[in-house]
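Summary of structural features
Below, each chain spelled out in residue letters.
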Amino acid sequence: MTQPIVAVENLRVLFPTRDRKETVKAVDGVSFAVQPGETFGIIGESGSGKSTLGRAVVCLLKPTEGRVLHNGGNPHDLSAAELRRARREYQIVFQDPNAALNPRMTILRSVREPLDIAGTVPSGDRDRVALEMLDRVGIAPEFSTRYPHELSGGQKQRVNIARVLTVRPKLIVCDEVVAALDVSIRAGILNLFADLQREFGLTYLFITHDLGVVSHVSSRIAVMYLGAFMELGAPEALVSRPYHPYTEALMSAEPVPLPSHMRTGQRIVLQGEIPSPTNPPSGCRFRTRCPIAKDLCASKTPDWREMEPGHFAACHFAEPRP
Ligand SMILES: Nc1ncnc2c1ncn2[C@@H]1O[C@H](COP(=O)(O)OP(=O)(O)O)[C@@H](O)[C@H]1O
Ligand code: SF4
Ligand SMILES: [Mg+2]
């Protein structure tokens, strides 16, 4: 077994509510490991804790409990200077193409900035490296002197990718990277991610609420609900034979973007809203919306069980199939 590039162990990330009287359990006991070169997808509704998990993976947030290991080591055991250096290898691209771009900086300066901070490339070479990276992501040199507001969302997202690539990361957390973009340009950006993965040997943690996006690119997908994983498996297995009622509902709600062989027949419409993460339901946290919940579901938290090799689910009533 190779050393996972990221191992998340019983991670909990809790926030105080605004009035500080309660605790938001944004990530509430999550474990998984990502292998080098893999694209690990995380899917779930808004508010399920995906971004919090992604930020904890790149050390933008500290675990409240549990650990995030980078290549087997705990980055939070490092000194501040060592952590800054180590973090270069673990980058994140956000949904909002403007989030990481300073509106008063030219595109070239924005892409060069991480190199200036890292200091790993001689200063005389940094513009050249930045321009090469812009070229690689499909941004022509004439855009380098422009400002973010002069670019489209898709172009800005390409710039963001160039920006994180300059420091040669090993893993990139892609947090809803195409969600804010026009549908017509999403495929181009997803293809770029795939090309860059091959070229630079990247590992991705690919976060999305859109199964159509993640099923195309991922080797494995975790289904997240209210701070916890409900199911984990290969995309084809999740779609064609889900074990968890929540996965089944998500899959059936998926409209056209799924490849035809992955589409399911019937639609299961989830009732109600996702409950508040300050007070998740007892037992199985999905039980308030589960069409087959029974008494046991309120009193006992389902175990995380391997239903088939590499395919896990947390439901009392899931049965391994022959
Ligand atoms: N800094 C924060 N302070 C308080 N609550 C937060 C903070 N960040 C996220 N949350 C809450 O944690 C929960 C999970 O949020 P998030 O990780 O953004 O979910 P997702 O990315 O799946 O939409 C939400 O209820 C959100 O309001
Ligand atoms: S444990 Fe119970 S509530 Fe949870 S998914 Fe299974 S049947 Fe539904
Ligand atoms: Mg999010």
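What counts and how
- Residues numbered from 1 in each chain as written.
- Chains lettered and ligands numbered in written order.
- Predicted model: local features only at pLDDT ≥ 70, side-chain atom pairs only at ≥ 80, totals over all residues.
- Heavy atoms only, no water.
- Helix = DSSP H or I, 4+ residues; strand = E, 2+ residues; numbered from the N terminus.
- Rg over C-alpha atoms; globule rule 2.2 N^0.38 Å.
- Buried < 20%, exposed > 50% of the residue type's maximum accessible area, 1.4 Å probe, protein only.
- Areas by Shrake-Rupley, 256 points an atom, 1.4 Å probe, with all protein chains shown as cover.
- Lys, Arg positive; Asp, Glu negative; His and termini not counted.
- Charge placed at Lys NZ, Arg CZ, Asp CG, Glu CD.
- Near = heavy atom within 4 Å.
- 1 Å grid on protein atoms, 1.4 Å probe; cavity = no way out; pocket = protein on both sides within 12 Å on 5 of 7 lines; lining within 4 Å.
- Sits in = over half its atoms within 2 Å of the grid points.
- Points joined across faces, edges and corners; volume = space filled by probe spheres on them.
- Nonpolar A, V, L, I, M, F, W, Y, C, P; charged D, E, K, R; others polar.
- Domains from an automatic or database assignment.
- Axes fitted to C-alpha atoms, helices over the stretch in contact; angles between N-to-C directions.
- Parallel < 35°, antiparallel > 145°, perpendicular 65-115°, else oblique.
- Left-handed = near helix turned anticlockwise from the far one by under 90°.
- Contact = heavy atoms within 4.5 Å.
- Buried area = accessible area lost by both parts, 1.4 Å probe.
- Salt bridge = Lys/Arg side-chain N within 4 Å of Asp/Glu carboxyl O.
- Core = buried A, V, L, I, M, F, W, Y, C linked by side-chain atoms within 4.5 Å.
- Pairing = 2+ DSSP bridges.

Focus on the overall build of the chain
Counting its secondary structure elements, the chain contains 10 helices and 11 strands. The globule rule puts the C-alpha radius of gyration for 322 residues at 20 Å, and the 20 Å found for the chain is close to it. If you line up the chain on its principal axes, its C-alpha atoms span 65 × 45 × 45 Å. Classification of the 322 residues of the chain by burial places 50% in the buried group. Accessible area of the chain: about 15200 Å², with a carbon and sulfur share of 50%. For the chain, the distance from the average site of its 38 positive side-chain charges to the average site of its 35 negative ones is 4 Å.

Some words on the site of ligand 2
Cys284, Cys290, Cys297, Cys315 and His316 are the nearest of the 13 residues found near ligand 2. Applying the majority rule of atoms within 2 Å of the grid points places ligand 2 in the largest cavity.

So, the layout of surface pockets
The volume enclosed by the largest pocket comes to roughly 580 Å³. As for the largest pocket, its lining consists of 21 residues, of which Arg87, Arg88, Gln91, Pro114 and Arg163 are closest to the centre. Only α2 (80-87), β5 (90-93), α3 (107-118) and α5 (153-165) provide two or more residues apiece to the lining of the largest pocket. Tallied by class, the residues present in the lining of the largest pocket amount to 12 nonpolar, 2 polar and 7 charged. Domain assignment of the residues forming the lining of the largest pocket places at least three in each of domain 1 (6-89 + 169-184 + 199-313) and domain 2 (102-168).

Here's the deal with the packing of α3 against α5
The interhelical angle for the contact between α3 and α5, taken along N-to-C directions, is 30 degrees, at an axis separation of 7 Å. The orientation of α3 with respect to α5, classified from their angle, is roughly parallel. For the pair α3 and α5, the sense of crossing is right-handed. For the pair α3 and α5, contact is made by Ile107, Ser110, Val111, Glu113 and Pro114 and by Val159, Ala162 and Arg163, respectively. Within the contact of α3 with α5, the residues separate by chemical class into 5 nonpolar, 1 polar and 2 charged.

With respect to the domain arrangement of the chain
Split by domain assignment, the chain resolves into domain 1 (6-89 + 169-184 + 199-313) and domain 2 (102-168). Taken together, the contacts link 9 residues of domain 1 with 11 residues of domain 2. Per-residue buried area on domain 1 facing domain 2 is highest for Arg88, Pro169 and Phe200; these three make up 59% of the total on that side. In this structure, the connection of domain 1 to domain 2 is made through 1 salt bridge. A salt bridge links Arg136 to Glu199; its shortest N-O distance comes to 2.4 Å.

Focus: the nonpolar core
Among the nonpolar cores identified, the biggest contains 32 residues, and Leu165 and Leu196 are the most heavily contacted of them. Contributions of two or more residues to this core are made by α3, α4 (123-136), α5, β6 (171-175), α6 (183-200) and β7 (203-208). Counting residues per element, this core draws most heavily on α6, which supplies 6 residues. Composition of this core by domain shows at least three residues from each of domain 1 (6-89 + 169-184 + 199-313) and domain 2 (102-168). With residues near it in sequence (within four places) discarded, Leu165 still touches Met133, Val137, Ile172, Leu196, Phe200 and Leu202. Formed by 26 residues, the second largest nonpolar core is a distinct cluster that contains Leu11, Val57, Val68 and Met224.

Examining the sheet that holds strand β1 (residues 6-16)
Whether parallel or antiparallel, the strands of a sheet pair through hydrogen bonds between backbone atoms. If you trace the 3 strands from one edge of the open sheet to the other, you get β2-β1-β4, paired in antiparallel fashion. Of all strands in the sheet, those with a lone pairing partner are β2 (23-34) and β4 (65-70), marking the two edges. In this sheet, neighbouring strand axes are inclined to one another by 25 degrees on average, regardless of whether the strands run parallel or antiparallel. Bridge count between β1 and β2: 9 bridges; the pairing is antiparallel. The residue bridging Pro16 from the neighbouring strand is Thr23, located in β2. Against the sheet, helix α1 (residues 50-57) touches β1, β2 and β4, its axis set at about 120 degrees to β1.

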